[in-house]
Amino acid sequence: MKGLTCEISLNNVEHNLNLVKKFNDEKKVIGVIKANAYGLGLEGISDFLKDKVDYLAVAELDEAKRISQDVEVLILSPLIKEEDFLIDQDNIIFTIDNEEIIDKIPEDKELKVHIYVDTGMNRMGIKPENLDKVINKINVNRPQVLVHGIYTHLHNTKNVKYTLKQISVFKKASEKYIGKIPMIHALNSSGTINDEIRNACDFTNAVRAGNILYGYEGLDKGFKKTYNYYAEIINVCEVKAGEHVGYSCVYKAKRNMKVGVLGIGNIEHIGFSRDIKHNIFYDLVKVIYNHVKYRPIIFSKNGGIRIVSKPNMNITLVDATNLDINEKLRIEISPILAESSIPKIYKYEQ
Ligand SMILES: *Cc1c(COP(=O)(O)O)cnc(C)c1O
């Protein structure tokens, strides 16, 4: 990409974190920064969050290695590899999500672990009825390993009834460890903002917040969007009425116009479509649909801008006739899809 940047408002991340804390007062906050901090940049986000949360959490050891060692970081389930235990970094907390792995922990290695209890996802985890056995096995076979937490994952919070059942299974298994094991947690982003689910988790003392910190959900509850992409116009072409623009002559100028060139394209998920079905009826419906329901993804300060012709791998053309060509255009892309190498600019105003 050329001239494309992602601007992240750390003030808004902070706002979202404070709101999570407000919704869940008394509970510790584990800031989830897996998957390159949901596309917003692992280093930038972790540096900002590390002294504002109790823990961070990542999905892989490689991510844990990239962040500052002065904050504790939980490696979430799914399971770790045996050699991961050899890491010489004592801010790392491992998840134990199967019984066999306990025997793989080196006998002289001091570790902090959380135990992941499966309450219905059936991907991995310790079955609730085996929790006592597993904790006992760790205490007996690996006395140098500290069981510091127990957690489960609420994977279907849209279904409150189902989730409440899940919570009650987790509660039954973990309740006896309250006060003995420091951290018991179940709530994720959507759980923290649902009153019923949150209240049912009143026996837990920590939440794991991902999405919501970045404003991917909860906008109706006062959480704020945290990122915007901006592209520069890297070239302008004067085009006369009747001339074609772009690949395959799919676009013909109806009037004299200026075409602005953006150095972004399919690779940043602009104009990327996987349509395979091609028949006339389908194409016709699509043309009508696109015409009636034109939804811009590129914006100047005055509103949506038309894409001209079709975006290709790394170039997108726009109608720049009425644009200030020095203005950066805002592009709607999801950071989850966008390439992780897009430069990030973190903004924070005191
Ligand atoms: C990703 C993840 C989270 C965070 O989920 P959000 O919905 O983004 O808050 C919490 N717990 C586990 C185990 C996860 O894998």
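Residues numbered from 1 in each chain as written. Predicted model: local features only at pLDDT ≥ 70, side-chain atom pairs only at ≥ 80, totals over all residues. Heavy atoms only, no water.

- Per an unreviewed UniProt entry, the protein goes by the name Alanine racemase and belongs to Clostridium paridis.

## Side note on the site of the ligand
- Lining the immediate environment of the ligand, one finds V32, K34, Y38, L76, H153, N188, S189, R208, A209, G210 and N211.
- Between an oxygen atom of the ligand and a side-chain N or O atom of Y38, the distance comes to 2.6 Å.
- Take G210: an N or O atom from its main chain is 2.9 Å from an oxygen atom of the ligand.
- About the coverage of the ligand: the protein hides 90% of its 390 Å² of free accessible area.
- For the shell around the ligand, the elements supplying multiple residues, two or more each, are α2 (34-38) and β9 (206-209). (Near = heavy atom within 4 Å. Polar contact = N/O pair within 3.5 Å; in protein donor to acceptor, adjacent residues only side chain to side chain. Areas by Shrake-Rupley, 256 points an atom, 1.4 Å probe, with all protein chains shown as cover. Helix = DSSP H or I, 4+ residues; strand = E, 2+ residues; numbered from the N terminus.)

## Focus: the UniProt feature "modified residue: N6-(pyridoxal phosphate)lysine" (unreviewed entry) in the protein
- Annotation from UniProt places "modified residue: N6-(pyridoxal phosphate)lysine" (unreviewed entry) at K34.
- Residue classification places K34 among the partly exposed residues on the basis of a relative accessible area of 29%. (UniProt positions renumbered as here; feature names shortened; annotations may be inferred. Buried < 20%, exposed > 50% of the residue type's maximum accessible area, 1.4 Å probe, protein only.)

## Thoughts on the packing of helix α1 (residues 10-23) against helix α3 (residues 42-49)
- Contact pair α1 / α3: the axes reach a minimum separation of 11 Å and the direction vectors enclose 55°. When the axes of α1 and α3 are compared, the pair comes out oblique. Considering the relative orientation of α1 and α3, their crossing is right-handed. Side by side, α1 and α3 meet where L10, V13, E14 and L17 of the first sit next to I45, F48 and L49 of the second.
- Class assignment for the residues of the contact of α1 with α3 results in six nonpolar, no polar and one charged. (Axes fitted to C-alpha atoms, helices over the stretch in contact; angles between N-to-C directions. Parallel < 35°, antiparallel > 145°, perpendicular 65-115°, else oblique. Left-handed = near helix turned anticlockwise from the far one by under 90°. Contact = heavy atoms within 4.5 Å. Nonpolar A, V, L, I, M, F, W, Y, C, P; charged D, E, K, R; others polar.)

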